[in-house]
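Inside the fold
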Amino acid sequence: MSNDAAGSQRGEAWLAALTSNAPRVAGFPRSVQVVDTRMGGAPARFIAVVPDADSAFPRARRGEVGLLEGWSLARAVQEVVAADRDAAVKRPIVAIVDTPSQAYGRREEAFGIHQSLASAADAYATARLGGHPVVALLVGKAMSGAFLAHGYQANRLLALADSGVQVHAMGKEAAARITMRSVEALEAFAATVPPMAYDIDNYASLGLLWKTIPVAEAAAPTADDLAAVRGTIDAALADIAADPHRDLRGRLGGENRQASSRVRECLAAQWRG
């Protein structure tokens, strides 16, 4: 089976590298890998969604976030929140993101994938608002509801500066069908409209990323890549600790989000008036 057919292995590779291949927490499906380790001398939890070619749900075999993944992500985060409820210092949560899509299928719709993914997003938001520093590291694709459920609620979004890291509401093939364009025509159009583009540089121009991290080998990190990413995660955690806010207001400063900022200012003025 080709790598493309099996799904990207980037998430699993970076999870193993960043946690020194520590044992996975038992009790989760193969597609949701959870590692408790130490970072900077303090405990931390890392979470990644990875492909599972043997999943009982065919639509969730290539790293998609489906029913099992959504509920399992929620449990992985809620466990940390519950365990640290009375702790003076809340442990960090690091979401490693390489998710090509949410899982599309009749069974997913019938059994409530919207509730499953919403539970994951809610868990991450609850952790962030409760004082847990949450960092998301984008190492591959971050698409559609999968990204909303796994990573988007983080205090800080980090991304590898690599062409394989892409962010969008839907994959290129699906977007091409919806807009009745070829993939090539879609790419040409997206190149002129930053919010429609897939590449990480255009996404960064929206102000949503805290940092991009140049690496030599995005699919198989070198020692230098690993050191750069670890250092940036540490810097992100320090920045979160120094920030009195737990909301996502810091994402509104991008060069291509000036209109969004202006709309919010007008709404706030009307509300106060």
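Summary of the structure given here. None of these values were measured; they are calculated from a predicted model.

**Remarks on the overall build of the chain**
- Within the chain, the regular secondary structure consists of 11 helices and seven strands.
- In terms of overall dimensions, the chain is globule-like: its C-alpha atoms have a radius of gyration of 18 Å, near the 19 Å expected for 273 residues.
- Projected onto its principal axes, the C-alpha positions of the chain cover 55 × 50 × 45 Å.
- By sequence separation, contacts in the chain at least 24 residues apart represent 71% of the contacts at least 6 residues apart.
- Averaging the locations of the 29 positively and 29 negatively charged side chains of the chain gives two centres separated by 5 Å.

**Things to note about the side chain of Ser 55**
- Position of Ser 55 relative to the elements: it lies in the loop between strand 2 (42-49) and helix 3 (67-83).
- Apart from the residues lying within four places of it in its own chain, the contact partners of Ser 55 are Ala 60 and Arg 61.

**Describing helix 11 (residues 258-272)**
- In this model helix 11 runs 21 Å from its N-terminal to its C-terminal C-alpha over 15 residues, within 8% of the 21 Å that 1.5 Å per residue would give.
- Burial of helix 11 is sparse: only one of the 15 residues sit out of reach of the surface.

**Topic: the pattern of salt bridges**
- Applying the stated rule across the entire model yields 10 salt bridges.
- In this structure, Arg 10 engages Asp 162 in a salt bridge whose closest nitrogen and oxygen atoms are separated by 2.9 Å. Here the residue Arg 10 occupies a position in helix 2 (residues 10-18), and Asp 162 occupies one in the loop between strand 5 (156-161) and strand 6 (166-168), the gap between them amounting to 152 residues.
- Judged by relative accessible area, Arg 10 falls into the buried class, the value being 15%.
- Classification of Asp 162 as partly exposed rests on a relative accessible area of 21%.
- Linked through salt bridges whose partners overlap, the residues forming this network are Asp 36, Arg 45, Arg 75 and Glu 79.

About the cut-offs
Residues numbered from 1 in each chain as written. Predicted model: local features only at pLDDT ≥ 70, side-chain atom pairs only at ≥ 80, totals over all residues. Heavy atoms only, no water. Helix = DSSP H or I, 4+ residues; strand = E, 2+ residues; numbered from the N terminus. Rg over C-alpha atoms; globule rule 2.2 N^0.38 Å. Contact = heavy atoms within 4.5 Å. Lys, Arg positive; Asp, Glu negative; His and termini not counted. Charge placed at Lys NZ, Arg CZ, Asp CG, Glu CD. Expected span 1.5 Å × (residues − 1). Buried < 20%, exposed > 50% of the residue type's maximum accessible area, 1.4 Å probe, protein only. Salt bridge = Lys/Arg side-chain N within 4 Å of Asp/Glu carboxyl O.

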